[in-house]
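# Fold and geometry: a report
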Amino acid sequence: MTGVDDVIARVHREEWARVVATLARRLGDLDVAEEMAAEAFATAVERWPVEGVPPNPGAWLTTTAYRKAVDRLRREVRREEKQREALMLSDTPEPLGAVDDDRLRLVFTCCHPALAMEARIALTLRMVGGLTVPEIARAFLVQETAMGQRITRAKAKIKAARIPYGVPFREDLPARVTGVLTVLYLIFNEGYLASDPAREPVRGDLTAEAIRLTRLVRALLPADGEVAGLLALMLLTEARRAARVSAGGELVALGEQDRGAWDRELIAEGHALVRARLASGQAPGRYQVLAAINAVHTDARDVRDTDWSQVVALYDQLVRLDPSPIVRLNRAIAVAEIDGPQVALAEVDGLPLEGYHAFHATRADLLRRLGRSAESREAYDRAIALAANTAETAYLVRRRDQLAGP
């Protein structure tokens, strides 16, 4: 890959969603915005190696895509509706409403109450987060074809119901914020542990953008406890990023991380948000409890100092809010530190998570601690087969190969 090719690949990662968001606002059509963005990047592949990379690649791509959209509409001038649409297109800024960040505005727009919650989230992850259909499918633990159909249906409903890609005003925000937070959390998670083996195992571009957008949401809704909780959760997780992957490209488990490499400024900010929510006296939501769990972990200077009883108590609270199998799996990991691996394994074995690599990785570790090496090896093999993150796979392979026996 040449230097220009590297630049184009980087710009695609960083600017794709931003270009689509800007075009969707101006054109009012997601499909057209996505198609024109793709055409603009194709043009960049042809022209940049010859003409050089422009000083502002994102602006160049947006302008090129917009001009292509106008040209397309003019070619369809015989259709009266398209003719009016072409005449209406201009560079005159529209009122920004409550949200003046293009990307965040599109997040709120895609999270329209007329769409089912899962459809809102999947569509927004694709259009705004820039995630591929396979990455979104893995986040939802569903088949790729099913997720592709879900996104297609969401787009079709938007067109059929004539849902406008207009400006979300302040009164629209509370009804959409739950979906928005879910989207931002999933974007962050994809950056925290990338599910595409062709990408870097940790994607700082996604975690940084998720944090940036969550800060904007908090500025819009400063009294919303879950917004503050999600921001705290992201900050406390991001603080550990530098210690999560070894120089050899292997995932480093929480208990083995160099805590001196953690970002203490992010931890202090995250802890302050958690303390403020506790002081509010309001019943915490899911993100606030998750942030509190991470606050306990990041408060311990050594893994042996971790207050596992408090972690389990917080997970008990979380299970009441979200009794999902994944939450119960994470609770069992904490239970193992107090009641031992046998008790934890009994809880894990009943969970319906056969297609989830972390389920098998957890079983492998618990079986390993119980001295059941053959069963542990089998569980590691299953986890390795399902894992897509390269750093995580390397870690699982090493742990499996350390087991005694054939």
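Everything here concerns the structure above.
So, here's what we can say about the structure.

Looking only at helices and strands, one finds 19 helices and zero strands in the chain. Out of the 406 residues belonging to the chain, those deemed buried represent 50%. Taking all contacts inside the chain whose residues are at least 6 apart in sequence as the whole, residues at least 24 apart take part in 64%. A total of about 19,200 Å² of accessible surface is found on the chain, and carbon and sulfur atoms cover 52% of it.

Next up on the list: the nonpolar core. Formed by 93 residues in total, the largest nonpolar core has its most connected members in Leu23, Leu61, Leu123, Leu125 and Val217. The dominant element in this core, judged by the number of residues it contributes, is helix H9 (residues 173-192), at ten residues.

Using the criterion set out here, one finds two aromatic pairs in the structure. Between Trp48 and Trp60 the ring centres are 5.3 Å apart and the planes differ by 70°, which places this aromatic pair in the edge-to-face class. Of this pair, Trp48 sits in helix H2 (residues 30-51) while Trp60 sits in helix H3 (residues 57-75), placing them twelve residues apart in sequence. The same class applies to Trp48 and to Trp60, which are both buried. Pairing Tyr185 with Tyr287 gives two aromatic rings, centres 5.4 Å apart and planes at 75°, and the pair type is edge-to-face.

This part takes up the environment of Gln282. Tracing the sequence through the fold places Gln282 in the loop between helix H12 (264-280) and helix H13 (286-299). C-alpha separation for the pair Gln282 and Gly225, spaced 57 residues apart in sequence, amounts to 8.3 Å.

With that out of the way, let us pick up the packing of H2 against H3. At their nearest, the axes of H2 and H3 sit 8 Å apart, and the two run at 120° to each other. The angle between H2 and H3 falls in the class oblique. Pair H2 / H3 crosses with right-handed handedness. For the pair H2 and H3, contact is made by Val32, Glu35, Met36, Ala37, Glu39, Ala40, Phe41, Thr43, Ala44, Arg47 and Trp48 and by Pro57, Trp60, Leu61, Thr64, Ala65, Lys68, Ala69 and Arg72, respectively.

So, about the pattern of salt bridges. Under the defined criterion, the tally for this structure stands at 18 salt bridges. Where Glu35 meets Arg72, a salt bridge forms, and the shortest distance between an N and an O atom there is 2.4 Å. Taken as a pair, Glu35 in helix H2 and Arg72 in helix H3 lie far apart in primary sequence, 37 residues in all. Note that Glu250 is salt-bridged to Arg398, the shortest N-O span being 2.5 Å. Of this pair, Glu250 sits in the loop between helix H11 (225-238) and H12 while Arg398 sits in helix H19 (residues 390-401); the two residues are 148 residues apart in sequence, bridging distant segments of the chain. Judged by relative accessible area, Glu250 falls into the buried class, the value being 16%. On the basis of relative accessible area, Arg398 is assigned to the partly exposed category, the value being 30%.

Calculation criteria
Residues numbered from 1 in each chain as written. Predicted model: local features only at pLDDT ≥ 70, side-chain atom pairs only at ≥ 80, totals over all residues. Heavy atoms only, no water. Helix = DSSP H or I, 4+ residues; strand = E, 2+ residues; numbered from the N terminus. Buried < 20%, exposed > 50% of the residue type's maximum accessible area, 1.4 Å probe, protein only. Contact = heavy atoms within 4.5 Å. Areas by Shrake-Rupley, 256 points an atom, 1.4 Å probe, with all protein chains shown as cover. Core = buried A, V, L, I, M, F, W, Y, C linked by side-chain atoms within 4.5 Å. Phe/Tyr/Trp six-rings, centres within 6.5 Å; stacked < 30°, edge-to-face > 60°. Axes fitted to C-alpha atoms, helices over the stretch in contact; angles between N-to-C directions. Parallel < 35°, antiparallel > 145°, perpendicular 65-115°, else oblique. Left-handed = near helix turned anticlockwise from the far one by under 90°. Salt bridge = Lys/Arg side-chain N within 4 Å of Asp/Glu carboxyl O.

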